[in-house]
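Here are the chains, one letter per residue:
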Amino acid sequence: MSFVVAKDLCRTFDLSDPWIVRKLTMRPKRLLQAVDRVNFSIERGTTYALVGESGSGKSTIANMVVGLLKPSAGSITIDGQNLGDASMSRPDQQRLRRRIQMVFQSPYASLNPRWKVGDILCEPMRAFKLIEGSEAQRRRAAELLEQVGLSDSDASKYPHEFSGGQRQRISIARALASQPEVIICDEPTSALDVSVQAQVLNLLKSLQKEFGLTYLFITHDLAVVSTMANKIGVLNQGVLVEEQDTEGLFSTPREDYTKMLISSAPKIEFGS
Ligand SMILES: Nc1ncnc2c1ncn2[C@@H]1O[C@H](COP(=O)(O)OP(=O)(O)O)[C@@H](O)[C@H]1O
Ligand SMILES: [Mg+2]
């Protein structure tokens with residue numbers, strides 16, 4: 001069985017007016033099917049990319065895989081364990097959650113501006129009881145900063161003292177602090193300059209190699225995933241319309257929608 005499996009994943013959002021307004025105006029309920037019976041699986045240590053235009057349901061899927069949002073139907077299994085298994089004990093649920101971390105598009109929104117970077121990195125170590133003792137936590141924070149290309153002295157700074165690319169490195173370090181096996185990257189480079197994008201992508205790739213990480217990589221930009229992903233799923237209005245390994249998708253796209261995405265993707269250069 002694959003390491004991450006999404007099976008018939010669905011999510012609807014209720015966009016209806018409040019009940020009393022509906023009664024007065026006689027308007028029916030309005031339901032949005034944001035994710036519609038999506039299936040994919042990711043092998044351990046590989047990258048699966050979900051691509052699609054804005055509003056196609058990518059973040060909704062990311063939020064379900066990381067456990068921030070409940071599926072309306074279908075299931076997500078990580079290493080054979082169902083994320084929605086209600087019979088699982090609280091500690092087991094927490095252990096499973098720890099193994100899946102997320103890097104968001106905007107590190108501005110996801111890093112607490114009032115906390116020093118060192119505290120941001122130590123919080124998951126404490127929450128998941130991974131490392132005991134403030135001295136050991138501090139050493140681990142320094143190690144994490146070096147792993148993402150920052151320096152241990154950065155631990156005493158605040159997020160606003162960094163550039164966008166550096167802040168995204170801090171987000172990655174924070175994800176790594178939980179010692180995850182799966183990282184969901186939701187548009188991790190979309191807010192960055194192109195030159196910085198390539199550096200962050202290269203960092204993600206080398207961390208994957210070093211720690212055997214499994215990535216679900218989400219982007220609207222096909223050029224970004226061309227060298228990141230092993231397999232790509234194309235999402236259009238909540239439906240997975242095509243899935244191929246990366247080479248096949250670029251050389252022989254089957255769907256018109258995929259062809260349109262490929263032709264509209266800007267080319268980006270990768271440094272070392
Ligand atoms: N919490 C929510 N409530 C209502 N509608 C939502 C919510 N989250 C997302 N949507 C809608 O679901 C659709 C998919 O959104 P999203 O998953 O954010 O797409 P993407 O990440 O691909 O841009 C969009 O139409 C969006 O407006
Ligand atoms: Mg999104």
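So, here is what we can say about the structure in this document.

A count of helical and extended segments in the protein gives eleven helices and ten strands. Computed over C-alpha atoms, the radius of gyration of the protein comes to 20 Å, within 12% of the 19 Å expected from 2.2 N^0.38 for 272 residues, which places it in the range of a compact globule. Reported as C-alpha extents along the three principal axes, the dimensions of the protein are approximately 60 × 45 × 40 Å. Buried residues in the protein amount to 36% of all 272 residues.

Within the structure, ligand 1 sits among F13, L32, A34, G52, S54, G55, S56, G57, K58, S59 and T60. Of all the elements in the fold, those that place two or more residues in the shell around ligand 1 are β2 (31-42) and α2 (58-65). Take the shell around ligand 1: its biggest share by element is three residues, from α2. Each residue belonging to the shell around ligand 1 can be placed in one class, and the counts come to three nonpolar, seven polar and one charged.

Here we come to unusual backbone geometry. Despite not being glycine, D79 has its phi angle at roughly 50 degrees, a positive value. Given 16 C-beta atoms within 10 Å, D79 falls into the partly exposed group.

Residues I100 and M102 point to one face of strand β6 (residues 100-103) and Q101 and V103 to the other, with burial holding for every one of them. Here β6 runs beside strand β7 (residues 182-186); their pairing, made up of four bridges, is parallel. Note on β7: the bridge partner recorded for I100 is V182.

Rules of the game
Residues numbered from 1 in each chain as written. Chains lettered and ligands numbered in written order. Predicted model: local features only at pLDDT ≥ 70, side-chain atom pairs only at ≥ 80, totals over all residues. Helix = DSSP H or I, 4+ residues; strand = E, 2+ residues; numbered from the N terminus. Rg over C-alpha atoms; globule rule 2.2 N^0.38 Å. Buried ≥ 20, exposed ≤ 12 C-beta atoms within 10 Å, placed from the backbone. Near = placed C-beta within 6 Å. Nonpolar A, V, L, I, M, F, W, Y, C, P; charged D, E, K, R; others polar. Pairing = 2+ DSSP bridges.

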